[in-house]
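# Topology and contacts: notes
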Amino acid sequence: MNTTSWGRYPVIEAETLSCVSDDQFRQAVQSSDGFIPRGNGRSYGDSALSPKLISALPAQRFLAWDNSTGVLECEAGVLLADILASFVPRGWFLPTTPGTKWISIGGAIACDVHGKNHHSFGCFSDAVLDFRLMLPDGSILNVSRTENPEWFVTTCGGMGLTGVILSARITLKRIASSYMDQVTTKTANLKETFAAFERHQHDPYSVAWIDCLATGSKVGRCLLMTGDHAQSGSLDFNNKMLATVPDMFPSFTLNSLSMQAFNTLYYGKAPKGESKQKIGINSFFYPLDIISEWNRIYGRQGFLQYQFVLPFASSYEGLNKILGEIGKSGRGSFLAVLKLFGKANSNYLSFPEEGYTLALDFKRDAGLFPLLDRLDAMVLDYGGRFYLTKDARVSKATFEKGYPHIDEFRAWREKQGLTNKIWSLQSRRLGL
Amino acid sequence: MNLQKKRILILGANSDIAKALCVQFAKAGANLHLASRNVKELEKSANDLRIRYGVEVNVSELDALIPVSRTQIIDNVYPQIDGAVLALGVLGSQTEAQKSEGLREQVLQTNFNVAIHLLEPLAALFEQRRAGFVVGISSVAGDRGRASNYMYGAAKAGFSAYLSGLRNRLASFGVPVLTIKPGFVKTKMTLGLPLPGKLVATPERVAADIMKALAGKKDVSYTPWFWKPLMTIIIHIPERIFKGLKL
């Protein structure tokens, strides 16, 4: 069956083995010559694409819950949205969450996803106590920071390339309300943006929407959203969606003119300086989840999400250049997001490191790849690196420069006999 | 129907329709008692329901073809429940069932005899209490025998007739009996069968329809709805023509 991930590029012919029980997973891994585990297919590029997919999505049971410690054990296919639906009304929240709740626990660990509180909390793996990992021979390991620790640092952020995550224990955090106290800061250029980020560095959550089509003195202007959970209020929560984007969305509606108009209006409508809002968890963390299948707005050709991080020291100069280049190109998106990361963790392939990260969408068309190649070179010049979860095209030489532990990761895969048993289009392209 | 804190027994709780139905009952605040052969799987489902919805869930082993196993449920569980859903059943391969008496026996026993042996003691209890409700999951396959699955269909036809009689008997005692007739449903039971894509429903859809039928005090409910007009047509095709059709 034709299969693709969230960016709708690339598309490949793949067979999917859906599993729930350990026995089903065992049978699937043992009968497959080469496969990649897959969750909800919300990585953007080719991380979860291979001719043979082992889907943990049907494994959606909660296994254990301790109300005194907040420790939840669940199967790998449980979605963050499921956890929120059950636990927000009881006053619990994910200790960190990416910008979509439609991802599986297994995927969250394999991508070691991050959220708006990376600088104050860390990555998703920091919420993980331990997990069960099935190797290609069907054996199951318990993995934590102290038990089989090599498997912990290779599997968290390891893009499913070390085995199939079957279940995990994570620690939830207490909240008093399902509302957020948000402060929006409007800035006029990149310098102000950086100053605002640093001024708000002690706020638990922060992220900026950046106008990637601004040029000249306006490069880097943004709306910085910072905040924390409200101290009181209701605990209402639901996963309702507003609308679904049809599959035949006319692709000409997204062009440089309409994007420019959107960006200008969006920026323009926010009040000057700082303003305060009280908004729900869904609006604060998951603004796009309200629209089902929003990836379809880019049409059948799909889109590429481009995310990199630059070290703190070179962030300002680098982003100025890169944003300038993007602005000049006239390509760009509604959804350029800037964020200041905290320190890197010790997982071999986890993406975040201290510095600024920029993520944006590009509609896929003929002229796009040359622009991205130019951006790649600039990111490397400033010592940056790329996020596997978003990537569909970065070259091996470009990718490996950013990851000091990549050879240890490769050696571990080789030593454990995983290289030819578990692979994705991405791992083949990057020699992981 | 207010299901808050009601204790509902699910016979055949590992079926996909039953699982989806458990979610609906739990969301409505009902406590559940799950019975099926594979207790290990049941325990996992039970845990999931407890954690997710904060309801009470008990589990019992039931190997429905074995009389003692049924007796245990009847003696120990029935007295504590307020309503029951019979969701157990086996499809079996029609072509295999034509050749093997063993498989025939299994299909007929599970879908018909066993279902009745399980529901009859319950009917007696509810009649005496003048309270309770019964949901029986039958099938559109029971509405008319077709070459492709008439063993299963015959058993389900019998079961539908049984439920109709039971409804008639219990009506004056205020005990509703609901017959559910699903069409093609994407479940373990139909895994690997070539199903007509457009007509296939999810277990979640079927479960939602069952809840609606319960709330609406329906007697017989087709799910999804279009099976009702469809089966009305099929039932009325003259046998002379019907026998020549490939169905």
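Residues numbered from 1 in each chain as written. Chains lettered and ligands numbered in written order. Predicted model: local features only at pLDDT ≥ 70, side-chain atom pairs only at ≥ 80, totals over all residues. Heavy atoms only, no water.

Right, let's get into the overall build of chain A. Within chain A, the secondary structure is distributed over 12 helices and 22 strands. The C-alpha atoms of chain A give a radius of gyration of 21 Å, which matches the 22 Å a tight globule of 432 residues would have. Taken over 432 residues, chain A has a buried fraction of 59%. Across chain A, every contact between residues at least 6 apart in sequence was considered, and the portion connecting residues at least 24 apart equals 75%. The centroid of the 45 positive side-chain charges in chain A is displaced by 6 Å from the centroid of its 41 negative side-chain charges. (Helix = DSSP H or I, 4+ residues; strand = E, 2+ residues; numbered from the N terminus. Rg over C-alpha atoms; globule rule 2.2 N^0.38 Å. Buried < 20%, exposed > 50% of the residue type's maximum accessible area, 1.4 Å probe, protein only. Contact = heavy atoms within 4.5 Å. Lys, Arg positive; Asp, Glu negative; His and termini not counted. Charge placed at Lys NZ, Arg CZ, Asp CG, Glu CD.)

Let us look at the overall build of chain B. Counting its regular elements, chain B contains nine helices and seven strands. Relative to the globule expectation of 18 Å for 247 residues, the C-alpha radius of gyration of chain B, 18 Å, shows essentially globular dimensions. The dimensions of chain B, computed from C-alpha atoms along their principal axes, are 50 × 35 × 35 Å. Taken across its 247 residues, chain B has 49% of its residues classed as buried. Taking as baseline every contact in chain B between residues at least 6 positions apart, the subset at least 24 positions apart corresponds to 71%. About 11900 Å² of surface is accessible on chain B, with carbon and sulfur atoms providing 56% of the total. Counting 32 positive and 19 negative side-chain charges, chain B places the centres of these two groups 7 Å from one another. (Areas by Shrake-Rupley, 256 points an atom, 1.4 Å probe, with all protein chains shown as cover.)

This brings us to the nonpolar core. Membership of the largest hydrophobic core comes to 125 residues, with the highest contact counts inside it found for Leu72, Ile83, Ile105, Phe131 and Leu319 of chain A. Inspection of this core shows a minimum of three residues originating in each of domain 1 (57-175) and domain 2 (180-395) of chain A. Residues contacting phenylalanine 131 of chain A, with those up to four places away along its chain left out, are Ile109, Leu141, Asn142, Val143, Trp151, Phe152, Thr155, Cys156, Ile165, Ser167 and Ala168 of chain A. Membership of the second largest hydrophobic core comes to 34 residues, among which are Ala18, Ala26, Leu49 and Ala213 of chain B. (Core = buried A, V, L, I, M, F, W, Y, C linked by side-chain atoms within 4.5 Å. Domains from an automatic or database assignment.)

In this section: the interface of chain A and chain B. With 14 residues of chain A at the interface, the matching set in chain B holds nine residues. Approximately 870 Å² of surface area, both sides summed, lies buried where chain A meets chain B, with 45% of it carried by carbon and sulfur atoms. On the chain A side of the interface with chain B, the three residues burying the most area are Arg61, Phe62 and Leu63 of chain A, jointly 56% of the side's total. For the interface between chain A and chain B, the tally reads one salt bridge. Notably, a salt bridge pairs arginine 61 of chain A with glutamate 41 of chain B, separated by 2.9 Å at the nearest N-O pair. (Buried area = accessible area lost by both parts, 1.4 Å probe. Salt bridge = Lys/Arg side-chain N within 4 Å of Asp/Glu carboxyl O.)

Evaluation of the coordinates by the stated rule reveals 29 salt bridges over all chains. Residues glutamate 400 of chain A and arginine 410 of chain A are paired through a salt bridge, measuring 2.7 Å at the closest nitrogen-oxygen approach. Taken together, the positions of glutamate 400 of chain A in helix H10 (residues 396-401) and arginine 410 of chain A in helix H11 (residues 406-415) put the pair 10 residues apart, joining distant regions of the chain. Of the residues examined, glutamate 400 of chain A reaches a relative accessible area of 26% and is grouped as partly exposed. One salt bridge connects lysine 181 of chain B with aspartate 143 of chain B, and the closest N-O pair in it is separated by 2.7 Å. With a gap of 38 residues between them, lysine 181 of chain B in strand S6 (residues 177-182) and aspartate 143 of chain B in the loop between strand S5 (133-137) and helix H6 (150-171) connect regions that are remote in the sequence. Judged on exposure class, the residue lysine 181 of chain B and its partner aspartate 143 of chain B are both buried. A cluster of three or more residues bridged by salt bridges with shared partners is formed by Asp46, Asp391 and Arg429 of chain A.

Tracing the chain through its elements places asparagine 347 of chain A in the loop between strand S20 (337-341) and strand S21 (355-363). Setting aside chain neighbours within four positions, we find asparagine 347 of chain A in contact with Asp112, Ser125, Phe152, Val153 and Cys156 of chain A.

Moving on, we get to the pairing of strand S14 (residues 205-210) of chain A. Residue and element names in this part refer to chain A. With six of six residues buried, S14 lies mostly within the body of the structure. In S14, alternate side chains face the same way, and those of Tyr205, Val207 and Trp209 on one face and Ser206, Ala208 and Ile210 on the other are all buried. Bridge analysis of S14 against strand S15 (residues 222-229) gives six bridges, and the strand direction is antiparallel. Residue pairing for S15: tryptophan 209 is matched across the bridge by leucine 223. Note that S14 and S20 share two bridges and pair antiparallel. The residue bridging tryptophan 209 from the neighbouring strand is valine 337, located in S20. (Pairing = 2+ DSSP bridges.)

Before going further, it helps to spend a moment on the packing of aromatic side chains. All names here are of chain A. What the rule picks out here adds up to 30 aromatic pairs over all chains. Judged by centre distance (5.7 Å) and plane angle (45°), the rings of tryptophan 294 and phenylalanine 303 are tilted. Judged on exposure class, the residue tryptophan 294 and its partner phenylalanine 303 are both buried. Here phenylalanine 351 and tyrosine 387 contribute two aromatic rings whose centre-to-centre distance is 4.6 Å and whose plane-to-plane angle is 10°, an arrangement assigned as stacked. A residue pair is termed long-range when its members are at least 10 positions apart, and phenylalanine 351 in the loop between S20 and S21 and tyrosine 387 in the loop between strand S22 (385-386) and H10 qualify at 36 residues. Under the relative-accessibility criterion, tyrosine 387 is labelled buried at 6%. Within the aromatic cluster, the residues linked to one another by ring pairs are Trp6, Tyr44, Trp294, Tyr298 and Phe303. Its end group placed over the ring of tryptophan 6, arginine 42 keeps NZ or CZ at 3.4 Å from the ring centre. When the ring centre of tyrosine 266 is taken as origin, the NZ or CZ atom of lysine 269, which lies over that ring, is 4.9 Å away. (Phe/Tyr/Trp six-rings, centres within 6.5 Å; stacked < 30°, edge-to-face > 60°. Lys NZ or Arg CZ within 6 Å of the ring centre and 35° of its normal.)

This brings us to the domain arrangement of chain A. Residue and element names in this part refer to chain A. Annotation of chain A at the domain level lists domain 1 (57-175) and domain 2 (180-395). A separation of 25 Å is found between the C-alpha centroids of domain 1 and domain 2. Between domain 1 and domain 2, the contact holds 36 residues from the first and 36 residues from the second. Between domain 1 and domain 2 the total buried area reaches about 3000 Å² when both faces are included, carbon and sulfur atoms providing 60% of it. Scanning the region where domain 1 abuts domain 2 turns up zero salt bridges.

Let's shift gears to the sheet that holds strand S17 (residues 274-280) of chain A. Residues and elements named next belong to chain A. Strand order across the open sheet formed by eight strands is S17-S13-S15-S14-S20-S21-S19-S22, with antiparallel pairing between neighbours. Each edge of the open sheet carries a strand with a single partner, namely S17 and S22. Sheet topology places S20 next to S21; five bridges connect them, and they run antiparallel. By the bridge assignment for S21, leucine 340 is matched with tyrosine 356. Sheet strands in contact with helix H8 (residues 312-329) are S14, strand S19 (303-311), S20 and S21, and its direction is about 150° off that of S19. (Axes fitted to C-alpha atoms, helices over the stretch in contact; angles between N-to-C directions.)

Attention now moves to helix H5 (residues 190-199) of chain A. Spacing of three or four residues puts side chains on the same side of an α-helix, whose turn is 3.6 residues. Residues and elements named next belong to chain A. Within the span of H5, buried status applies to Leu190, Thr193, Phe194, Ala196 and Phe197. Considered in projection along H5, the buried side chains sweep an arc of 160° and stay on one side of the axis. Counted as exposed and oriented over 90 degrees from the buried face of H5: Lys191 and Arg199. Residues of H5 that are buried make contact with strand S13 (179-186), S14, S15, H8, S20 and S21. For H5, the N-terminal capping position is held by asparagine 189, with its side-chain oxygen 3.1 Å away from the main-chain nitrogen of lysine 191. (Arc of directions from axis to C-beta. Polar contact = N/O pair within 3.5 Å; in protein donor to acceptor, adjacent residues only side chain to side chain.)

Before going further, it helps to spend a moment on the pairing of strand S4 (residues 83-86) of chain B. All names here are of chain B. Burial along S4 is two-sided: Gly83 and Val85 and Ala84 and Leu86, pointing in opposite directions, are all buried. Pairing of strand S1 (residues 7-11) with S4 involves four bridges; the strand directions are parallel. Across the sheet, residue leucine 9 finds its bridge partner in S4, namely alanine 84. As judged from the four bridges shared by S4 and S5, these two strands associate in the parallel manner. The residue of S5 that forms the bridge with alanine 84 is valine 134.

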